[in-house]
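Observations on the model geometry
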Amino acid sequence: MPQDDKARDRRKYIFSDQADQLIREAYLSPRDGKGMSSIHLLAKRLGMPHWALKKRARELGLARTKELPWSEAELAILSRYAWMSDERIRLRLKAAGYTRTVTGIHLKLKRMRFKHDGSFYSANSLAQALGIDPHAVTRWIKSGHLKAQLRGTARGPQQNGDTYVIQEKDVRRFILEHPTEIDLRKVDQLWFLDLITNGLVRAA
């Protein structure tokens, strides 16, 4: 190998917080219409070789490796805790003896349509998060205390009608304005702290 190629291979690239965030976003994005992956497009944008970005992605725990099949037990955990943040779900899986990356969890949830956006809740998923009956959430919505929108589905009365979509910021506002409605003994405490601090809490 020529001397200049060896020097190039030894070159160290410095990644800022902004570059790291762009890498995370690239690994959650699909390929473009020409079949070029987002990581290759980002490499051109940052003026770095794509191998350097892939190396950094591995350091961030984002590397795209061949995904192992999801077991029935793992899928059951995803289904049960889909209302949680991806990081909280990763910890639930870890506690059960399974190792999955946040990226892998995020993509699997989207593919299975458990949730399209982690910043939204249904009335049922919010009730599950708070450890209460779904009718209580519906009551808060109808009283105007909890802001929500109808999803706009074609569900008729026999399917219990349309469902609500509740933004995470509105859940946070409701809790801050009506703290006595929340029984802290019933909520998932890590999820609750993650919600109230807007994602600042991270478990080890």
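Structure shown above.
Computed from a predicted structure; not experimentally measured.

1. Describing the packing of aromatic side chains
- Using the criterion set out here, one finds two aromatic pairs in the structure.
- Ring centres 4.4 Å apart and planes at 35° place the aromatic pair tryptophan 140 and phenylalanine 174 in the tilted group. One end of the pair, tryptophan 140, is in helix α9 (residues 134–143); the other, phenylalanine 174, is in helix α10 (residues 168–177), with 34 residues separating them in the sequence.
- Positioned above the aromatic ring of tyrosine 81 is the side chain of arginine 92, whose terminal nitrogen or guanidinium carbon lies 4.6 Å from the ring centre.
- Just above the ring of tryptophan 70 sits the side chain of arginine 100; from NZ or CZ to the centre is 4.0 Å.

2. Here's the deal with the pattern of salt bridges
- One pass over the full model with this rule turns up six salt bridges.
- One salt bridge in this structure joins glutamate 168 and arginine 172, with 3.3 Å as the shortest N-O distance. Within this pair, glutamate 168 and its partner arginine 172 are both found in helix α10, separated by four residues, close to a single helical turn.
- The salt bridge involving aspartate 170 is made with lysine 169; its shortest N-O contact spans 3.7 Å.
- Owing to a relative accessible area of 4%, aspartate 170 belongs among the buried residues under this scheme.
- Residue lysine 169 is classed as partly exposed on the basis of its relative accessible area, which comes to 38%.

3. Quick look at the packing of helix α3 (residues 38–46) against helix α4 (residues 50–59)
- Look at α3 against α4: their axes get within 9 Å of each other, and the N-to-C directions meet at 115°. Viewed along their axes, α3 and α4 adopt a mutual orientation that is roughly perpendicular. Our pair here, α3 against α4, has a crossing hand that is right-handed. The segment α3 lies against α4, with Ile39, His40, Leu42, Ala43 and Leu46 engaging His50, Leu53 and Lys54.
- Considering only residue class, the contact of α3 with α4 consists of five nonpolar, two polar and one charged.

4. Section: α4
- Buried residues of α4: Ala52, Leu53 and Ala57, and no others. Viewed along the axis of α4, the buried residues span an arc of 140°, placing them on a single side of the element.
- For α4, the elements touching its buried residues are α2 (17–27) and α3.

Calculation notes
- Residues numbered from 1 in each chain as written.
- Predicted model: local features only at pLDDT ≥ 70, side-chain atom pairs only at ≥ 80, totals over all residues.
- Heavy atoms only, no water.
- Phe/Tyr/Trp six-rings, centres within 6.5 Å; stacked < 30°, edge-to-face > 60°.
- Helix = DSSP H or I, 4+ residues; strand = E, 2+ residues; numbered from the N terminus.
- Lys NZ or Arg CZ within 6 Å of the ring centre and 35° of its normal.
- Salt bridge = Lys/Arg side-chain N within 4 Å of Asp/Glu carboxyl O.
- Buried < 20%, exposed > 50% of the residue type's maximum accessible area, 1.4 Å probe, protein only.
- Axes fitted to C-alpha atoms, helices over the stretch in contact; angles between N-to-C directions.
- Parallel < 35°, antiparallel > 145°, perpendicular 65-115°, else oblique.
- Left-handed = near helix turned anticlockwise from the far one by under 90°.
- Contact = heavy atoms within 4.5 Å.
- Nonpolar A, V, L, I, M, F, W, Y, C, P; charged D, E, K, R; others polar.
- Arc of directions from axis to C-beta.

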